[in-house]
Amino acid sequence: MTAKTRYFMFGSVLVLTVGLSIGLVAYYGGVPGGLFAGQPGPAELKYVPSDAAVVAYANVRDVMNSQLRQRLRQFEGMTDEGRDEFKDKTGIDIEQDIDHVVACMGATGLGHEKSGLVVAQGRFDQSRLEALAIEHGAKAEQYKGKRMVTAMADAAHQGAASHGGSMAMAFLGEGVVAMGGADSVRQAIDRAGGSSSVLSNQEMMKLVGEMNGASMWAVGKFDALRAEARLPAEVSERIPSITWFSASGHVNGGMQATVTAETKDEAAATNLRDIIRGFTALAKMQAGSSPELQRMMPDIQLGGDGKMVALSFAVTTDMLDAIVAAKGAAGAIRKRVPKETEKQ
């Protein structure tokens, strides 16, 4: 993306990072009880295509307000510089103005182009965002009664049609913004008008229905993740055949999460459990007799039967305290070593 479109997506990548960065794809927190009444999942699922390969949700407010995030800020030495710059440009306070985010990734493989969509619900200054986009080279248009702004994703495509290499943002309703490829955003508007959405995908919605009670989750076809990961062939070939996956959890002072995989057959499930046990045993062996390392190890539970494999783990407050303490000790050693070297 060029400098002209630097702020066009208005932090869509930042929103995803904030919402979906704790874990492999997305997880953890608590959802207000009546939020999803009437259907599994958030209302914004009506904008997601029926053939989406992966669907993810993040309750940004829960994550931002969690004790876990405050501890991570302490561990990483995070500052508010980036947040303040983003707010100055867009008027959006990431921690206060974004309630939740729904994201999806399209089908992958032969005959499918990469596609993605992010739908954020919160409080946005539509006029300010549109003016900022236009200032950085975007163009405003109307599509089926909805206001859209589009911009080329790459300078090499400046002469291409907007349906090709362009990014877009549309205001779908009060406090609801969609961001992604121009085609994906237009199709989201179509779905708001009654076109088929992921709500009609029974397999996907069954997984989504199991996520109620979690404020961050991801569900979908494992092949989509495998394709995006671009793993070396020798690694990819050793991963058992997994069809569907789900990840969910809860954030408080620490983090509790569950990852579930459905494999092609029982033999693949057995193989996957053996691989997980091997990695777990290796980690425990490396921790050895060191109390400090043992305190940093998550409590991992392996379960599931038949074709299902379930992995649960917890990151406790003791673990986080141990990590912070280890970081402090390492910093003290780095400061002391130069002084001792000077004496020699």
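Scroll up for the structure.
Rules used in this analysis
- Residues numbered from 1 in each chain as written.
- Predicted model: local features only at pLDDT ≥ 70, side-chain atom pairs only at ≥ 80, totals over all residues.
- Heavy atoms only, no water.
- Pairing = 2+ DSSP bridges.
- Helix = DSSP H or I, 4+ residues; strand = E, 2+ residues; numbered from the N terminus.
- Axes fitted to C-alpha atoms, helices over the stretch in contact; angles between N-to-C directions.
- Contact = heavy atoms within 4.5 Å.
- Phe/Tyr/Trp six-rings, centres within 6.5 Å; stacked < 30°, edge-to-face > 60°.
- Buried < 20%, exposed > 50% of the residue type's maximum accessible area, 1.4 Å probe, protein only.

### Observations concerning the sheet that holds strand β2 (residues 98-105)
Here is step 1 of the chain: Spatially, 12 strands are ordered β4-β5-β6-β7-β3-β2-β1-β8-β9-β10-β12-β11 in an open sheet, and the strand pairing comes out antiparallel. The sheet is open, and its two edges are formed by β4 (139-143) and β11 (299-303), each paired on a single side. With direction set aside, neighbouring strand axes in the sheet form an average angle of 15°.
Here is step 2 of the chain: Two elements, β2 and strand β3 (residues 116-122), share seven bridges in a ladder whose sense is antiparallel. Bridging across to β3, His-100 finds its partner in Gln-121.
Here is step 3 of the chain: Its contacts with the sheet put helix α7 (residues 182-192) on β3, β4, β5 (146-152), β6 (166-173) and β7 (176-181), and the angle it makes with β7 is roughly 140°.
Here is step 4 of the chain: Against the sheet, helix α11 (residues 266-287) contacts β9 (242-251), β10 (255-263), β11 and β12 (308-315), and its axis sits at roughly 25° relative to β12.

### A look at the packing of aromatic side chains
Here is step 1 of the chain: All told, the structure shown has one aromatic pair when counted by the stated rule.
Here is step 2 of the chain: Here Tyr-57 and Trp-217 contribute two aromatic rings whose centre-to-centre distance is 5.7 Å and whose plane-to-plane angle is 25°, an arrangement assigned as stacked. In this pair, Tyr-57 sits in strand β1 (residues 54-58) while Trp-217 sits in strand β8 (residues 216-221), placing the two residues 160 residues apart along the sequence. Side by side, Tyr-57 and Trp-217 carry an identical accessibility label, which is buried.

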